[in-house]
Amino acid sequence: MSTPFLNKRYEGIVNQAQQNNDTVNLFKLIVHNSKCLLNTGVNLHLLIQLVLCLSQEKKIDADQLDNYLKETRLAGMAQYLGELIVLLFSVDSDSVVFMKKKSIQHKRMIEEDLHDIFIKRPNDWFFTQSNHVFVKASDTHAMYQQFGKTMKYFFFAPVESFTNLTSAITHSLAHIEE
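These lines cover the structure that appears in this document, whether it is placed above or below. None of these values were measured; they are calculated from a predicted model.

Some details on the overall build of the chain
Looking only at helices and strands, the chain features eight helices and two strands. Starting at the N terminus and walking to the C terminus, you meet the elements of the chain as α-α-α-α-α-α-β-β-α-α. Looking at the chain as a whole, 40% of its 178 residues are labelled buried. Long-range contacts, defined as pairs at least 24 residues apart, comprise 63% of the intrachain contacts of the chain with a sequence gap of at least 6. Split by element, the accessible area of the chain, about 10600 Å² in all, is 55% carbon and sulfur.

Let's talk about unusual backbone geometry
The backbone of Arg73 sits at a positive phi, close to 60°, despite the residue not being glycine. Tracing the backbone through its elements, the reader meets Arg73 in the loop between helix H4 (62-71) and helix H5 (75-89). Phi angles above zero are rare outside glycine, and Ser90 is one such case at about 55°. The residue Ser90 is located in the loop between H5 and helix H6 (107-116) in this model.

Concerning a nonpolar patch on the surface
On the surface, a cluster of nonpolar side chains totalling about 300 Å² of accessible area is made up of Leu44, Ile48, Leu52 and Leu88. Among the elements that make up the nonpolar patch, the one with the highest residue count is helix H3 (residues 44-55) (three residues). Overall, Leu52 belongs to the partly exposed group, its relative accessible area being 43%.

A closer look at the environment of Leu84
Within the secondary structure layout, Leu84 lies in helix H5. Each C-alpha atom, one on Leu84 and one on His106, is 8.6 Å from the other, the two residues being 22 residues apart in sequence. Leave out the neighbours within four places in its chain, and Leu84 touches Val42, Leu47, Ile110 and Leu114.

Reading guide: rules and limits
- Residues numbered from 1 in each chain as written.
- Predicted model: local features only at pLDDT ≥ 70, side-chain atom pairs only at ≥ 80, totals over all residues.
- Heavy atoms only, no water.
- Helix = DSSP H or I, 4+ residues; strand = E, 2+ residues; numbered from the N terminus.
- Buried < 20%, exposed > 50% of the residue type's maximum accessible area, 1.4 Å probe, protein only.
- Contact = heavy atoms within 4.5 Å.
- Areas by Shrake-Rupley, 256 points an atom, 1.4 Å probe, with all protein chains shown as cover.
- Patch = residues over 30% accessible without salt bridge, like charges linked within 9 Å, V, L, I, M, F, W, Y side chains within 5 Å.
- Salt bridge = Lys/Arg side-chain N within 4 Å of Asp/Glu carboxyl O.

In structure tokens:
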């Protein structure tokens, strides 16, 4: 997680729980999927792992998972991931334990995300300084895509979205020479 405060909570949850705890493993998959959604978009490999984890009838404590998601403020992102799984893999919404609302509310957004899987993503972007005093982005299209993606998921995970964008900008500013 890109927020230091929430990352500390995440690390505390993972370290506090037992190594083979199915609930924590599912929670970690939700966090990894959320991070991918914010940075690069839908990652089919991680989504498939999430579906496999749900389909293996493991001992998942739904209340504990809900507490973990609330502590890290990822409950909204988990809801969106659940809707994505239900639409993409035709999974019964009752089997997705981290979905609170069992109806699909973001169908159009999910369709856009699935369409974006097949579009080539631009390279990383960073700020550079030309011979003049002016600073410019190395790939403005990639920069705008990063901003757009952050705003797209802002209402699902506001704190994580904002700090994810802030850390991307901070990382890109490191390329500027004084």
